[in-house]
Amino acid sequence: MAQSAYCKTCRREVLPGSLCPFCGGKISGPHLIWRASRLPVADWSCWNAPLRLALPTLMLGAAALAAAEGGFGGWAAVRRLLQGETPRVLGLITAALLAAVFLLLLLQGRETLEITADKTGLCVRRLLARPSAVRLLARLRSPRLMERQEARLEYGLLVGEERLAWRDVRRVALWPEKGQALFYAPGWWLRLALPVTGEAWEELAPLMREKLGRRKDVALPPALRQPKSSAKAARAPRPDRSLTPPEDDALLREIAAMNAELEAAEPPEP
């Protein structure tokens, strides 16, 4: 992981500065950036994306069918439904769904994740180093995307991008055995599953503590929470010391004047 900046003209990551070293154009502010390669068919988060919608929909349809049978025919109708061909049909539909997802993920091929984090939030770009018509169709993208020069970045063809602002995050979970950080927005919906190595974590963790560590509406692991003492100190109003020195000086001058008057009023010793 390293500090980087983005040039919209060159469409590449460059070293932070005022101007792009390649084209001389303006560049964005500095941000953290790291990359990771993954095979979608072997990644659980790629399976999670379609199945968390398809499987609950299938279960809801089966429950609605059973409720309709029970409403019109009672428990006997539900028993006939369960003893008939309906469970086998639902099982075949589930198997066909899993096979279709497996085939689509297999055809997508290996991809590169380019992840950036800055003061506004997170951004994940999915890049294909070796794009093809089959891989794009498996990702529900048109093959004409290969003809667009603006979609060709330094590490491959841009086939997807997702942004998540810090203000929208409601829960963060860490999966150390998989080397991943999970971001939920809202708290029950997984938005991003980011691969985070040890080197990336060292720079990402302080940024997450700064942006999320003090928020009460975000569920965080203890490692990402700001210490309570520092949070209270940051929220406590600072005393205004602008009036203290003049008041102290005036008091000292008044005391000195009173002492001088007392000394002048005392009679001299014989």
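All values reported here derive from a predicted model rather than from experimental measurement.

Analysis parameters
Residues numbered from 1 in each chain as written. Predicted model: local features only at pLDDT ≥ 70, side-chain atom pairs only at ≥ 80, totals over all residues. Heavy atoms only, no water. 1 Å grid on protein atoms, 1.4 Å probe; cavity = no way out; pocket = protein on both sides within 12 Å on 5 of 7 lines; lining within 4 Å. Points joined across faces, edges and corners; volume = space filled by probe spheres on them. Helix = DSSP H or I, 4+ residues; strand = E, 2+ residues; numbered from the N terminus. Nonpolar A, V, L, I, M, F, W, Y, C, P; charged D, E, K, R; others polar. Salt bridge = Lys/Arg side-chain N within 4 Å of Asp/Glu carboxyl O. Buried < 20%, exposed > 50% of the residue type's maximum accessible area, 1.4 Å probe, protein only. Pairing = 2+ DSSP bridges. Patch = residues over 30% accessible without salt bridge, like charges linked within 9 Å, V, L, I, M, F, W, Y side chains within 5 Å. Areas by Shrake-Rupley, 256 points an atom, 1.4 Å probe, with all protein chains shown as cover. Axes fitted to C-alpha atoms, helices over the stretch in contact; angles between N-to-C directions. Contact = heavy atoms within 4.5 Å.

## So, the layout of surface pockets
- As a volume, the largest pocket reaches approximately 730 Å³.
- Arg-38, Ser-45, Cys-46, Ala-49 and Arg-126 are the residues nearest the centre of the largest pocket, which is lined by 28 residues in total.
- For the lining of the largest pocket, the secondary structure elements donating two or more residues are helix H1 (44-83), helix H2 (86-108), strand E4 (111-117), strand E5 (121-128), strand E7 (156-165) and strand E10 (190-195).
- Counting residues per element, the lining of the largest pocket draws most heavily on H1, at six residues.
- Split by residue class, the lining of the largest pocket holds 17 nonpolar, three polar and eight charged.
- Taken as a whole, the second largest pocket spans an internal volume of roughly 260 Å³.
- Every residue lining the second largest pocket is counted, 14 residues in all, and those nearest its centre are His-31, Thr-116, Asp-118, Cys-123 and Arg-163.
- Listed by contribution, the elements that provide at least two residues to the lining of the second largest pocket are E5 and E7.
- Examining the composition of the lining of the second largest pocket, we find that four residues originate from one element, E5, more than from any other.
- Counted by class, the lining of the second largest pocket contains five nonpolar, six polar and three charged residues.

## Focus: the pattern of salt bridges
- For the coordinates displayed, the defined rule picks out twelve salt bridges.
- In this structure, Arg-125 and Glu-114 form a salt bridge, with 3.1 Å as the shortest nitrogen-oxygen distance. Of this pair, Arg-125 sits in strand E5 while Glu-114 sits in strand E4, and the two are eleven residues apart along the sequence. For the pair shown, Arg-125 and Glu-114 are each scored as buried.
- The partner of Arg-215 in a salt bridge is Asp-217, with the nearest N and O atoms 3.1 Å apart.
- On the basis of relative accessible area, Arg-215 is assigned to the buried category, the value being 19%.
- For Asp-217, a relative accessible area of 41% corresponds to the partly exposed category.
- Several salt bridges converge on common partners, so that one network encompasses Arg-35, Glu-114, Arg-125, Glu-161 and Arg-163.

## Quick word on the pairing of strand E8 (residues 171-175)
- Taken together, the five bridges between E8 and strand E9 (residues 180-184) define a ladder with antiparallel strand orientation. Pairing of Arg-171 across the sheet is with Tyr-184, part of E9.
- Between E8 and E9, which pair antiparallel in sequence order, lie four residues; one of them, Gly-179, sits at a positive phi of approximately 65°.

## Looking at a nonpolar patch on the surface
- The grouping of Leu-103, Leu-107 and Val-134 at the surface amounts to a nonpolar patch, some 250 Å² of accessible area in total.
- For Val-134, the position within the fold is in helix H3 (residues 133-138).

## Looking at the sheet that holds E10
- An order of E8-E9-E10 is seen for the three strands of this open sheet, with the pairing classed as antiparallel. Only two strands of the sheet have a single neighbouring strand rather than two, namely E8 and E10. Each strand axis lies, on average, 20° off the axis of its neighbour in the sheet, ignoring direction.
- Across five bridges, the pairing between E9 and E10 is antiparallel. Residue pairing for E10: Gln-180 is matched across the bridge by Pro-195.
- On the sheet, H1 packs against E8, E9 and E10 and is oriented at approximately 170° with respect to E10.

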